[in-house]
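Okay, here's what each chain looks like letter by letter:
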Amino acid sequence: MGKRALVCYCVDVDACAGWLNTTTGKSANASDVSRGIFGANVGTDRLLKFFDEQNIKASWFMPSHSIQSFPKQMAKVRDAGHEMWVNSGLHGYTHEYVSRLTEEQERKVMAKSIEVYKSFTGKHPKGWAAPAWEVSPRSMKVLEDFGIEYDHSLMHHDCQPYWASDVTENSVVPTNYDADPGTWMVPMKQNTVRNVVEIPANWNVDDWPPFQFSTRNPGTHGYVNPKDVLEQWQDQFRFFYRENESFVFPISIHPQVSGKSNIILMHEKMVEFLRSHEGVEFVTAAQVCDEFKAGTIAGCSTMELGALPPKL
Ligand SMILES: [Zn+2]
């Protein structure tokens, strides 16, 4: 069997939701909300056109707030005719950071997200991406309980799917400078592997940090030349392609970022580059999940990653 490089375009329609998650309880900035409106409308339209022209099926992850606030726009994604919507996943309600929620809050948000998704599509969602990829120690268990088949948030690997496990609070002991070192010099404990396929997240192939300038978020940059980012993404792909017989290459983008003119042009060059490699397939995250379960893509073994650390 020849080399297989499974490329997934993962689109997070954070729209206004991401800007409502101020994390301080303060009201959202009106200009930020305006950026979100661009993403839900202009940005989404441009990406739909781009995927249509490129004949690519993408995986769309939507906060429920985006579905309920921009139903006509999100219906365009649902009805686009190239099966994008059926392969899309959940992405919180207001892009809240799950890592800051109590278990009760996390479960309530998940139940509401599924309810909104099902009433809009008639289907049970297959996947989930944690807003900002900030999972809680129990998120994989919550996904398992709600019948979600795959996650796209963890980073145990950067180019192979694997069975996900929680990283529970009692599996790691943080350094405590006020306590005797003997109390925290302990190795990691094994975590429970869940019935959830991980399609790994990778900040190194994400449009937000390099391209989204924000005065209120020091984690973002903006003003990076897309040619430099293109080169970084291409180099990562080259390495994975050289080192692996099969691998997954998820590209994470946002309509309010990649819907900008110069960044769309970068994606056109990226797709052309990817298509110049034998064995490249543009697939949905749902397909990667199904192939991993069926064993048609090897992925990474649970013993190596899911049940950290291996027993001595
Ligand atoms: Zn997001």
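Look above for the structure.
Thresholds applied
- Residues numbered from 1 in each chain as written.
- Predicted model: local features only at pLDDT ≥ 70, side-chain atom pairs only at ≥ 80, totals over all residues.
- Helix = DSSP H or I, 4+ residues; strand = E, 2+ residues; numbered from the N terminus.
- Expected span 1.5 Å × (residues − 1).
- Buried ≥ 20, exposed ≤ 12 C-beta atoms within 10 Å, placed from the backbone.
- Arc of directions from axis to C-beta.
- Contact = placed C-beta atoms within 7 Å.
- Axes fitted to C-alpha atoms, helices over the stretch in contact; angles between N-to-C directions.
- Parallel < 35°, antiparallel > 145°, perpendicular 65-115°, else oblique.
- Left-handed = near helix turned anticlockwise from the far one by under 90°.
- Core = buried A, V, L, I, M, F, W, Y, C linked by C-beta atoms within 7 Å.

Okay, helix α10 (residues 261–275) next. Helix length check: α10 (15 residues) gives 22 Å between terminal C-alpha atoms against 21 Å at 1.5 Å per residue, within 8%. Those residues of α10 lying buried are Ile263, Met266, His267, Met270 and Val271. End-on view of α10: buried residues confined to an arc of 140°, all on one side of the axis. Exposed positions of α10 whose direction lies more than 90 degrees from the buried face are Ser261, Asn262, Glu272 and Arg275. In the core, the buried residues of α10 are packed alongside α2 (30–54), α7 (208–211), α8 (226–243) and α9 (255–258).

The relative placement of two packed helices is expressed as an angle between their axes plus a distance between the axes. Put simply, α2 and helix α4 (residues 71–78) touch, their axes get as near as 10 Å, and they point 10° apart. Regarding the angle of α2 to α4, the classification is roughly parallel. Crossing handedness for the pair α2 and α4: left-handed. Contacts between α2 and α4 involve Ala40, Asn41, Thr44 and Leu48 on the former and, on the latter, Gln73, Lys76 and Val77.

What follows is about the environment of Val109. Examined against the element boundaries, Val109 turns out to sit in helix α5 (residues 103–121). Separated by 106 residues in sequence, Val109 and Thr215 place their C-alpha atoms 28 Å apart.

Let's shift gears to the nonpolar core. Among soluble globular proteins, nonpolar side chains are generally buried collectively. Counting 75 residues, the largest nonpolar core has Leu6, Cys8, Val11, Phe249 and Val288 as its most contacted members. With 7 residues, strand β1 (residues 4–12) is the single largest residue contributor to this core. Excluding residues that lie within four positions of it along the chain, Cys8 makes contacts with Ser59, Ile199, Val248, Pro250, Ile251, Val283, Thr284, Ala285 and Val288.

Looking at where Lys118 falls in the secondary structure, it is placed in helix α5. On the neighbour-count criterion, Lys118 (12 C-beta atoms within 10 Å) is exposed. As for Lys118 and Leu265, which are separated by 147 residues in sequence, their C-alpha atoms are 34 Å apart. Among residues more than four places away in sequence, those in contact with Lys118 are Lys123 and His124.

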